[in-house]
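Structural characterization, general
One-letter residues, chain by chain:
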Amino acid sequence: MEKIAILRWESGHVPQGLMQLEQLPGNSTNLASYPFPVKLVEVKGANTDTVILHPSQKLLEDMIQLAKELEKEGVRAITTSCGFNAIFQEALANAVDIPVFTSSLLQVPFAQALVGRDRAVGVITASASSLSEKHLRACGITDEMHPIVMGLENAPEWSKIFDHPDDSFDMDLVTEEILNVARQGVKDHPEIGAIVLECTDLPPFARRIREELDIPVFDFNSMIGHVAMALSLVKLY
């Protein structure tokens, strides 16, 4: 059976644009993204409002119950399909006896250690205004780290997720918006030595960002791959 479970949003609650992104190799909910089997598990009521805009205590309780059931079934680790679940990291991890990794933000302390105290880690997020101190602290990000948060909510095409959720994306425009946010962030903050992509819909664009900026880019796939190797679910040798 699958040994890593991904808690994902409920069917019918995913904006049209995100459904397009889910079809891209590298997306967190695309099974073709992984060289090992994963189990996608829908969470009733999980959507933009209950995860990103207004994190729901009821949703957390339901996720905890699901996590306990998955642990009993033999799942060895649990993650989620949206990085804003970071706010639930501690509660979920404390509820079960298997590893829980809710957000790519967990890689920020690692990336900070790699680049040194005089450099910074850039974080590209779906919505900077929704990414709070609680999200950062839950992932072990301290005051000394000072990540530079770069949001996509002001990118017109991307912001359809929030403003016009039933509209499709122009994928070429979305790609350029994502690259522009990365470019501008490094231009404004040349001290950035690595980037972490908070949003689980951004890994399909990670290679382009790496090629343009020539710095390490961490994302959901680097995180889940690390855990898979730690659990011997994928082997390099």
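To start, this report covers the structure provided alongside it. A quick note: this is a predicted structure, and the numbers were derived from the prediction, not measured. (Residues numbered from 1 in each chain as written. Predicted model: local features only at pLDDT ≥ 70, side-chain atom pairs only at ≥ 80, totals over all residues. Heavy atoms only, no water.)

Focus: the overall build of the protein chain
Looking only at helices and strands, the protein chain features ten helices and eight strands. In terms of C-alpha radius of gyration, the protein chain reaches 17 Å, essentially the compact-globule figure of 18 Å for 237 residues. Its C-alpha atoms give the protein chain principal-axis dimensions of roughly 50 × 40 × 35 Å. Expressed as a percentage of its 237 residues, the buried residues of the protein chain come to 54%. Look at the contacts in the protein chain between residues 6 or more apart in sequence, and 70% of them connect residues 24 or more apart. For the protein chain, the computed accessible surface area is about 11,000 Å², with 51% contributed by carbon and sulfur atoms. (Helix = DSSP H or I, 4+ residues; strand = E, 2+ residues; numbered from the N terminus. Rg over C-alpha atoms; globule rule 2.2 N^0.38 Å. Buried < 20%, exposed > 50% of the residue type's maximum accessible area, 1.4 Å probe, protein only. Contact = heavy atoms within 4.5 Å. Areas by Shrake-Rupley, 256 points an atom, 1.4 Å probe, with all protein chains shown as cover.)

A closer look at the sheet that holds strand β7 (residues 192-197)
Across the sheet, four strands lie side by side as β6-β5-β7-β8; this open sheet has parallel pairing. Whereas interior strands pair on both sides, the edge strands pair on one side only; in this sheet they are β6 (148-151) and β8 (217-218). By the bridge criterion, five bridges tie strand β5 (residues 120-125) to β7 in an arrangement that is parallel. Each bridged residue has a counterpart across the sheet, and for I124 the counterpart in β7 is L197. The strands that helix α9 (residues 206-213) touches are β5, β7 and β8; relative to β7, the one it contacts most, it runs at about 170°. (Pairing = 2+ DSSP bridges. Axes fitted to C-alpha atoms, helices over the stretch in contact; angles between N-to-C directions.)

Re the packing of aromatic side chains
Scanning the entire structure with this criterion turns up three aromatic pairs. When the ring of F110 is compared with that of F218, the centres are 5.9 Å apart and the planes differ by 80°; the resulting orientation is edge-to-face. Highlighted residues: F110 in helix α5 (residues 108-115) and F218 in strand β8, separated in sequence by 108 residues. According to the relative accessible area criterion, F218 is buried, its value standing at 13%. A ring pair is formed by W158 and F169, whose centres lie 6.1 Å apart and whose planes are at 15°; its orientation type is stacked. Of this pair, W158 sits in the loop between β6 and α7 (160-163) while F169 sits in the loop between α7 and α8 (171-188), and the two are eleven residues apart along the sequence. Taken as a pair, W158 and F169 share a single burial class, namely buried. (Phe/Tyr/Trp six-rings, centres within 6.5 Å; stacked < 30°, edge-to-face > 60°.)

What to know about the sheet that holds strand β3 (residues 77-80)
Across the sheet, four strands lie side by side as β2-β1-β3-β4; this open sheet has parallel pairing. The sheet is open, and its two edges are formed by β2 (38-43) and β4 (100-101), each paired on a single side. The sheet contact formed by β3 and β4 spans two bridges and is parallel. Paired with I78 across the bridge in β4 is V100.

Re α9
Looking only at α9, the buried set comprises A206, I209 and L213. Axial view of α9: buried residues confined to an arc of 65°, hence all on one face. Exposed side chains of α9 directed beyond 90 degrees from the buried face belong to R207 and E211. On its buried side, α9 packs onto β5, α8, β7 and β8. A positive phi of about 55° marks D214, the residue just after α9. (Arc of directions from axis to C-beta.)

Some details on the environment of V14
Relative to the helices and strands, V14 resides in the loop between β1 (4-9) and α1 (16-22). Distance in space between the C-alpha atoms of V14 and F101 is 22 Å, their sequence separation being 87 residues. Not counting residues up to four positions away in its chain, the partners in contact with V14 are R8, W9, M19 and E22.

What about the pattern of salt bridges?
For the structure shown, the criterion picks out eight salt bridges. Of the charged contacts in the structure, one is a salt bridge between R207 and E211, with a shortest N-O distance of 2.8 Å. Of this pair, R207 and E211 both sit in helix α9, four residues apart, which is roughly one turn of that helix. Taken as a pair, R207 and E211 share a single burial class, namely exposed. One connected set of salt bridges, linked through shared partners, spans E133, R137 and D143. (Salt bridge = Lys/Arg side-chain N within 4 Å of Asp/Glu carboxyl O.)

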